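# Descriptive structure summary
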Amino acid sequence: MVKQYSAGDSFGELALLYDAPRAATVKASTDCTLWAMDRMTFRTILMHTTSEKRKLYEKFLEDVPLLKTLDKYERSAIADVLEHEYFEPGQDIVVEGQPGDKFYLLEEGEAEARAGGKIVMKYTRGDFFGELALLNNKPRAATVSATTQCKCVSIDRASFKKATL
């Protein structure tokens, strides 16, 4: 047995995405109810969801000062690779002195940056941090911690470079 699935899990999406044969056989070990989806429905839902996400984040990215010089195509490429991350109050998002391989845009909530134990910046919706890690390949200059529940979107160095080349 390679994997055991439980309620809410899914499988078979790679075959639908890439029009490829199934990579494994799945057998029920108990009575279960499954939902099936054909390739066309799956791709339609995926395209619609991706399109909606892109529209939402293109607008959000237009207001980020660091990205204002990018054209619509470049912002669209970045919107496609953004990853959601959630942080609880008091949780560190980035840590001073650590290597940085991505930068963050604060979508919801509030955070603060501390350097040498002192608050040096406060962040709210639309603010960004960690960009120096991508632009200059330097360690984190401050620790950024969530002060409320935060929803961030992040982009790693490789995706950022690929999207803006």
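Residues numbered from 1 in each chain as written. Predicted model: local features only at pLDDT ≥ 70, side-chain atom pairs only at ≥ 80, totals over all residues. Heavy atoms only, no water.

### Overview of helix α2 (residues 39-62)
Over its 24 residues, α2 runs 34 Å from end to end, which matches the ideal 34 Å to within 8%, given 1.5 Å per residue. Every buried residue of α2 is listed here: Phe42, Tyr57, Glu58, Phe60 and Leu61. Capping the start of α2, Asp38 holds a side-chain oxygen 3.1 Å from the backbone nitrogen of Met40, two or three residues further along. (Helix = DSSP H or I, 4+ residues; strand = E, 2+ residues; numbered from the N terminus. Expected span 1.5 Å × (residues − 1). Buried < 20%, exposed > 50% of the residue type's maximum accessible area, 1.4 Å probe, protein only. Polar contact = N/O pair within 3.5 Å; in protein donor to acceptor, adjacent residues only side chain to side chain.)

### Quick word on unusual backbone geometry
With a phi close to 55 degrees, Asn137 is a non-glycine residue in the positive phi region. Tracing the backbone through its elements, the reader meets Asn137 in the loop between α4 (131-136) and β7 (143-146). Residue Asn137 is classed as exposed on the basis of its relative accessible area of 59%.

### With respect to the confidence of the model for the protein
Per-residue pLDDT for the protein has a mean of 87; in total, 98% of the residues score no lower than 70. β7 holds the highest mean pLDDT among the elements of the protein, 97, whereas helix α5 (residues 157-164) holds the lowest, 75. (pLDDT = per-residue confidence, 0-100.)

### Comments concerning the sheet that holds strand β4 (residues 111-115)
Read from one edge of the open sheet, 4 strands run β2-β7-β4-β5, paired in antiparallel fashion. Among the strands making up the open sheet, the edge pair consists of β2 (92-94) and β5 (118-123). Across the sheet, the mean angle from the axis of one strand to that of its neighbour is 30 degrees, orientation sign disregarded. Looking at chain direction, β4 and β7 are connected through 4 bridges and run antiparallel. When the bridges of β7 are listed, Ala111 appears paired with Ala146. (Pairing = 2+ DSSP bridges. Axes fitted to C-alpha atoms, helices over the stretch in contact; angles between N-to-C directions.)

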